[in-house]
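Summary of the model geometry
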Amino acid sequence: MDLGVISRNAAFMLGGLALSFKLALITVAGGLLVGIILAFARLSSRPLVYYPATLYVHFFRGLPLILVIFWLYFLAPVITGRSVGAFASAVIAFVVYEAAYFAEIVRAGIQSVSRGQTMAAYSGGLTFYETTRYVILPQALRNMVPALVTQTVVIFQDTSLAYVIGLREFLRRVNLTDAREARSVELYLFAGLLYFVICSMGSLASQRLEKRRQRSC
Amino acid sequence: MKRGDKGVVRLIEIRGVSLWYCKEFKALDNISETIEKGQAVVICGPSGSGKSSFLRCINGLEHFQEGEIVVDGVSVQGPGTDIHKLRADIGMVFQHFELYPHMTAMQNITLAPIRVGKKTKRQAEEKAMELLVRVGIPEQALKYPEELSGGQKQRVAIARAMAMEPKIMLFDEPTSALDPEMIKEVLDVMIDLARGGMTMVVVTHEMGFAREVANEIVFMDEGKIIEKGSNRSFFDNPKNERTRQFLSRILI
């Protein structure tokens, strides 16, 4: 064991970790936003709104993420007519893909709020928007916090897939370091430990939130 | 708003309303009823008879396919009707309270006045406090619904419905989900409202309440109005066989 290889290359590798975090955070923010819109579309009674959103969700949930990453990387330049960087391309692919998963989480969250809450808000004169904003979404978001945290952890793990389009995120940089140092055991154990610790913290936070929610309701 | 012969104001006019669910099940069958300002009308009948659907048609929570409902001169399903504005004039209280669990009693009451009534937070809170005093629980203002008893929850719900200063109050089995010892505290608030001249439509099986304050009692079964009568005649001299059966079952 030569642990020095880790400290020598720590700055390089952790720089990749920062990139992984950035990708995960943008994905969660963007995916959740698009997911909320898709969720409401899926709950709409208008066929022209409902069917496209449903098709979108089923389509992307039926594909491997890595394929979508490839697609967006090779398609984006064709569509936009200019080259898109690896990071931008990864962000688009992740948001587009994860929005489908967030949509289902949000939809379940909205449906977990009883119909009577909507009726109560409507009977006070609130509009659809006001009812959603002040009555339904706060309760729905609270109900879906555990699922959202779990999905966030999964997204963080999946950022490593962006290596296929040359994004130098954390795992890719560990991989590059290994190519230079030929210290696979130490380096990949280190990478595994870091992923494990970060994801465990996420899962723990989720469990605690769930317990707190059970206590309060 | 129309004035009848005796100078009474017909606040709610329901003409030939029919409602289907899923195009097959007829929940309301040609319902007509006129409710005057200041009247308290009690609707009773077996479960599934359409009482709640009837109530929800009045404030547009339910969409009926035939007939017309006019509230305070405004057709509920009329093409130019601002349903949100109309609903603000019609308070509603639900069987399962439906308080917003993420808000305090005070926030529950002030949400609509602030967002819909465009009152300032302070005005809304002052009004809410008055209402909480009126329903007898000012000390519960800052509690969350989960910290309140059933009776207290329903009283907050009544205060919430009153916060928009409605012209009409609808009650959908307000005491059915309550423990027996809490029924009275809610009924007392409702009796107080009725005596104060509030126009009320109350779906309930509390016949004591009906005897005490109802101007008219409507008996429904299978989506139809089977019988309606004044307080006295309904109880002492029900004409229809089904009404008689129903009354004998609930008046033990």
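For the structure, see preceding data.
My aim in this report is to walk through the structure given alongside it, one point at a time.

What counts and what doesn't
Residues numbered from 1 in each chain as written. Chains lettered and ligands numbered in written order. Predicted model: local features only at pLDDT ≥ 70, side-chain atom pairs only at ≥ 80, totals over all residues. Heavy atoms only, no water. Contact = heavy atoms within 4.5 Å. Buried area = accessible area lost by both parts, 1.4 Å probe. Salt bridge = Lys/Arg side-chain N within 4 Å of Asp/Glu carboxyl O. Polar contact = N/O pair within 3.5 Å; in protein donor to acceptor, adjacent residues only side chain to side chain. Helix = DSSP H or I, 4+ residues; strand = E, 2+ residues; numbered from the N terminus. Nonpolar A, V, L, I, M, F, W, Y, C, P; charged D, E, K, R; others polar. Pairing = 2+ DSSP bridges. Axes fitted to C-alpha atoms, helices over the stretch in contact; angles between N-to-C directions. Buried < 20%, exposed > 50% of the residue type's maximum accessible area, 1.4 Å probe, protein only. Patch = residues over 30% accessible without salt bridge, like charges linked within 9 Å, V, L, I, M, F, W, Y side chains within 5 Å. Areas by Shrake-Rupley, 256 points an atom, 1.4 Å probe, with all protein chains shown as cover. Left-handed = near helix turned anticlockwise from the far one by under 90°. Phe/Tyr/Trp six-rings, centres within 6.5 Å; stacked < 30°, edge-to-face > 60°. Core = buried A, V, L, I, M, F, W, Y, C linked by side-chain atoms within 4.5 Å.

Before going further, it helps to examine the interface of chain A and chain B. The interface is formed by 20 residues belonging to chain A together with 22 residues belonging to chain B. Roughly 1,800 Å² of surface becomes buried between chain A and chain B when both sides are summed, with 59% attributable to carbon and sulfur atoms. Considering only the surface of chain A that becomes buried against chain B, Met 119, Ser 123 and Tyr 134 of chain A emerge as the three largest contributors, covering 30% of it. Counting across the chain A and chain B interface gives zero salt bridges. Taken together, chain A and chain B are joined by seven residue pairs in polar contact (both at pLDDT 80 or more). Only helix H6 (115-123) and helix H7 (128-158) of chain A provide two or more residues apiece to the side of chain A that touches chain B. The element that contributes the greatest number of residues to the side of chain A that touches chain B is H6 of chain A, accounting for seven residues. By residue class, the composition of the side of chain A that touches chain B is ten nonpolar, nine polar and one charged.

Turning our eyes to something else, we now look at the sheet that holds strand S11 (residues 224-230) of chain B. Residues and elements named next belong to chain B. Here six strands make up an open sheet; going across it, the order is S7-S8-S9-S4-S10-S11 and the pairing mixed. With one partner strand each, in any of the chains shown, strand S7 (90-93) and S11 form the two edges of the open sheet. For this sheet, the mean inter-axis angle between neighbouring strands, taken without regard to orientation, is 15°. Where strand S10 (residues 216-221) meets S11, six bridges bridge the pair, whose relative direction is antiparallel. In the sheet register, Met 220 faces S11, and the bridge partner there is Ile 225. Strands strand S4 (40-44), S7, strand S8 (168-172), strand S9 (199-203) and S10 of the sheet are contacted by helix H1 (residues 51-58), whose axis makes an angle of about 155° with S8. Lying on the sheet, helix H5 (residues 150-162) is in contact with S7 and S8; it crosses S7 at an angle near 170°.

Here the focus is H6 of chain A. Across the nine residues of H6 of chain A, eight count as buried, placing the element largely inside the fold. Among all positions of H6 of chain A, only Gly 116, Gln 117, Thr 118, Met 119, Ala 120, Ala 121, Tyr 122 and Ser 123 of chain A are buried. Here the buried face of H6 of chain A lies against H7 of chain A together with H1, helix H2 (83-88), S7 and H5 of chain B. Remark: Gly 125 of chain A follows H6 of chain A within two positions and exhibits a positive phi of approximately 100°.

Turning our attention to a nonpolar patch on the surface. All names here are of chain A. Residues Phe 59, Trp 71, Leu 75, Val 78 and Ile 79 make up a contiguous nonpolar surface patch of roughly 530 Å² in combined accessible area. For the nonpolar patch, the element with the most residues is helix H4 (residues 65-80), which contributes four residues. As for its position among the elements, Ile 79 is in helix H4. Residue class for Ile 79 comes out exposed when judged on its relative accessible area of 68%.

Moving on to the packing of helix H2 (residues 10-43) of chain A against H7 of chain A. All names here are of chain A. Here H2 crosses H7 at 145°, and the two axes come no closer than 11 Å. In this structure, H2 crosses over H7, and the sense of that crossing is right-handed. Residues Leu 17, Ser 20, Phe 21, Ala 24, Thr 27, Val 28, Leu 32 and Phe 40 of H2 form the contact with H7, whose own contacting residues are Phe 128, Thr 132, Leu 137, Leu 148, Thr 152, Ile 155 and Phe 156.

Moving on, we get to the packing of aromatic side chains. Residue and element names in this part refer to chain A. Enumeration over the complete set of coordinates arrives at 14 aromatic pairs over all chains. Ring centres of Phe 21 and Phe 156 lie 5.1 Å apart, and the angle between their planes is 25°; on these two criteria the pair is classed as stacked. Highlighted residues: Phe 21 in helix H2 and Phe 156 in helix H7, separated in sequence by 135 residues. Here Phe 21 falls in the partly exposed class, since its relative accessible area comes to 36%. Overall, Phe 156 belongs to the buried group, its relative accessible area being 6%.

Residues and elements named next belong to chain B. As defined by bridge partners, strand S2 (residues 9-21) adjoins strand S3 (residues 25-36) across eight bridges and the pair is classed as antiparallel. Each residue of the ladder has a partner; that of Arg 10, found in S3, is Glu 36. Linkage of S2 to S3, two consecutive antiparallel strands, is achieved through a turn of three residues, within which Cys 22 is found at a positive phi near 55°.

Core analysis: the largest hydrophobic core is formed by 92 residues, its most contacted members being Phe 170 of chain A together with Ile 12, Ile 69 and Val 71 of chain B. Of the residues forming this core, the biggest block, eleven residues, is contributed by helix H5 (residues 86-111) of chain A. For Phe 170 of chain A, the contacting residues outside a window of four places in its chain are Met 13, Gly 16, Leu 17, Ser 20, Phe 190, Ala 191, Leu 194 and Tyr 195 of chain A. One finds Ala 141, Leu 148, Val 202 and Val 213 of chain B within the second-largest nonpolar core, a separate group that totals 50 residues.

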